[in-house]
Amino acid sequence: MFSAGTDTSSVVLEWAVSELIRHPKIMEEVQKEVRGIARGKLMITETDLDEMHYLKSVIKETLRLHPPVPLLVPRESMEKVQIQGYDIPAKTTVLINAFVIGRDPKLWDEPEKFWPKRFLNGGSVSVDFKGQDFQLIPFGSGRRGCPGILFATSIIELTLANLLNRFDWAAPEGMDGKDLNMEEESGITVHRKNDLVLSSKQHYRVV
Ligand code: HEM
């Protein structure tokens, strides 16, 4: 529970902030949404999140491009099945490549592009990651799908919203955010290869 529940959520936050640093226009738009709803409040709470549609689409897009557990969890088939013409014998270990599915050009327009608005007014508006839409399955699907999905999404949304509300983020001096290194370190959860080093400024004057 601890390893499945902590590393995964922090990794999503790291990738989400990395993508926003590389896309300053999207950073500006999502901060505008978050700060417009916060209206000067220093601590965003769960009820504020209901209206933060753009923030949620940023998280969805991050989960599409950077599923923290890209091969999900290995499972074993209980009986012989045929899927799309492939015979899968009983007791076969099955790995699902959510990373590749999330970038499949047959399923997504401009799959390599970080474009959260695809979930707001693009062609993928109704697609969600709750296990019903098989093109976006960072939490798996079915009876052994991730039981922590609601907890994880609340924590990620709350943390990201508060980070964006309270601070102005930038790449370190002398570096353009667009050049941020996005190399991955492979593992059960896929982290950034390099630490994410950013500079931040308090947005509100705290007295
Ligand atoms: C962004 C955050 C998270 C992601 C992407 C994620 C992803 C996954 C995936 C892909 C699976 C396997 C699903 C399958 O085989 O169909 C899984 C299983 C699991 N997750 Fe998560 N998870 C996250 C957060 C959490 C949290 C917060 C908890 C607990 C507090 C948690 C607890 C578990 C447990 C216990 C399982 C095993 C379920 C089983 O085998 O029946 N996860 N998770």
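The rules behind these values
Residues numbered from 1 in each chain as written. Predicted model: local features only at pLDDT ≥ 70, side-chain atom pairs only at ≥ 80, totals over all residues. Heavy atoms only, no water. Helix = DSSP H or I, 4+ residues; strand = E, 2+ residues; numbered from the N terminus. Rg over C-alpha atoms; globule rule 2.2 N^0.38 Å. Buried < 20%, exposed > 50% of the residue type's maximum accessible area, 1.4 Å probe, protein only. Donors = N, O, S within 2.8 Å, 3.2 Å for Na, K, Ca; no water. Lys, Arg positive; Asp, Glu negative; His and termini not counted. Salt bridge = Lys/Arg side-chain N within 4 Å of Asp/Glu carboxyl O. Contact = heavy atoms within 4.5 Å. Near = heavy atom within 4 Å. Polar contact = N/O pair within 3.5 Å; in protein donor to acceptor, adjacent residues only side chain to side chain. Nonpolar A, V, L, I, M, F, W, Y, C, P; charged D, E, K, R; others polar. Core = buried A, V, L, I, M, F, W, Y, C linked by side-chain atoms within 4.5 Å. Expected span 1.5 Å × (residues − 1). Patch = residues over 30% accessible without salt bridge, like charges linked within 9 Å, V, L, I, M, F, W, Y side chains within 5 Å. Areas by Shrake-Rupley, 256 points an atom, 1.4 Å probe, with all protein chains shown as cover. Phe/Tyr/Trp six-rings, centres within 6.5 Å; stacked < 30°, edge-to-face > 60°. Lys NZ or Arg CZ within 6 Å of the ring centre and 35° of its normal. Axes fitted to C-alpha atoms, helices over the stretch in contact; angles between N-to-C directions. Parallel < 35°, antiparallel > 145°, perpendicular 65-115°, else oblique.

A. Structural view of the overall build of the protein. Helices and strands together make up the secondary structure of the protein, namely six helices and eight strands. Listing each helix as α and each strand as β along the protein from the N terminus yields α-α-α-α-β-β-β-β-α-α-β-β-β-β. For the protein, whose C-alpha radius of gyration is 18 Å, the value lies close to the compact-globule estimate of 17 Å for 207 residues. Along the three orthogonal principal directions, the C-alpha set of the protein runs to about 65 × 35 × 35 Å. Relative to its 207 residues, the protein shows a buried fraction of 40%.

B. Local environment of the coordination of the iron atom of the ligand. You will see that the iron atom of the ligand has only one donor from the protein, Cys-146 (SG), lying 2.3 Å away. Within the fold, Cys-146 resides in the loop between α5 (98-102) and α6 (149-166).

C. Inspection of the side chain of Glu-33 at higher detail. As for its placement among the helices and strands, Glu-33 is situated in helix α2 (residues 24-38). It turns out Glu-33 is buried and unbridged, and the closest side chain with the opposite charge, Lys-56, is 8.7 Å from it. In contact with Glu-33, not counting residues within four places along its chain, are Glu-51, Met-52, His-53, Tyr-54 and Leu-55.

D. Spatial organisation of the site of the ligand. Around the ligand sit 23 residues, and of these Arg-75, Pro-138, Phe-139, Arg-144 and Cys-146 come closest. Contact between the ligand and Ala-4: a nitrogen atom at 3.3 Å from a main-chain N or O atom of the residue. Elements supplying a minimum of two residues to the shell around the ligand: α1 (2-22) and α6. The residue makeup of the shell around the ligand, split by class, is 14 nonpolar, seven polar and two charged.

E. Quick look at the nonpolar core. In terms of nonpolar packing, the biggest core is built from 39 residues, with Leu-20, Val-30, Met-52, Leu-55 and Leu-160 touching the most fellow members. When residues of this core are traced back to their parent elements, those giving at least two are α1, α2, α4 (53-65) and α6. In terms of residue count, the dominant contributor to this core is α1 (eight residues).

F. Just α1, in detail. Helix length check: α1, at 21 residues, gives a terminal C-alpha distance of 31 Å against a target of 30 Å (1.5 Å per residue), a fit within 8%. When we look at burial in α1, the residues that qualify are Thr-8, Ser-9, Val-11, Val-12, Leu-13, Trp-15, Ala-16, Val-17, Ser-18, Glu-19, Leu-20 and Ile-21. Where α1 is buried, its residues meet α2, α4, α6, β5 (167-170), β6 (184-185) and β7 (191-192).

G. Structural view of a nonpolar patch on the surface. Together, Leu-42, Met-43 and Val-206 give the surface a local cluster of nonpolar side chains, amounting to about 260 Å² of exposed area. Along the chain, Leu-42 turns up in the loop between α2 and α3 (46-49). Judged by its relative accessible area of 31%, Leu-42 falls in the partly exposed class.

H. Representation of the packing of aromatic side chains. Across all of its chains, the model carries three aromatic pairs by this definition. Lying across the ring of Trp-108, Arg-64 places its NZ or CZ 5.2 Å from the centre. It is Lys-113 that lies over the ring of Trp-115; its NZ or CZ is 5.4 Å from the centre.

I. Up close: the packing of α1 against α4. Following both chains from N to C, one finds α1 and α4 inclined at 105 degrees, their axes separated by 9 Å at the closest point. Classed by the angle they form, the pair α1 and α4 counts as roughly perpendicular. When α1 is examined against α4, the residues Val-12, Trp-15, Ala-16, Glu-19 and Leu-20 are found in contact with a partner set consisting of Val-58, Thr-62, Leu-63 and Leu-65. Along the lines of polarity and charge, the residues of the contact of α1 with α4 split into seven nonpolar, one polar and one charged.

J. Structural view of the side chain of Thr-153. Here Thr-153 is to be found in helix α6. Ignoring sequence-local partners within four residues, the contact set of Thr-153 consists of Phe-129 and Phe-139.

K. Structural view of the environment of Pro-105. Mapping Pro-105 onto the fold places it in the loop between α5 and α6. Sequence-wise, Pro-105 and Arg-64 are 41 residues apart; in three dimensions their C-alpha atoms are separated by 13 Å.

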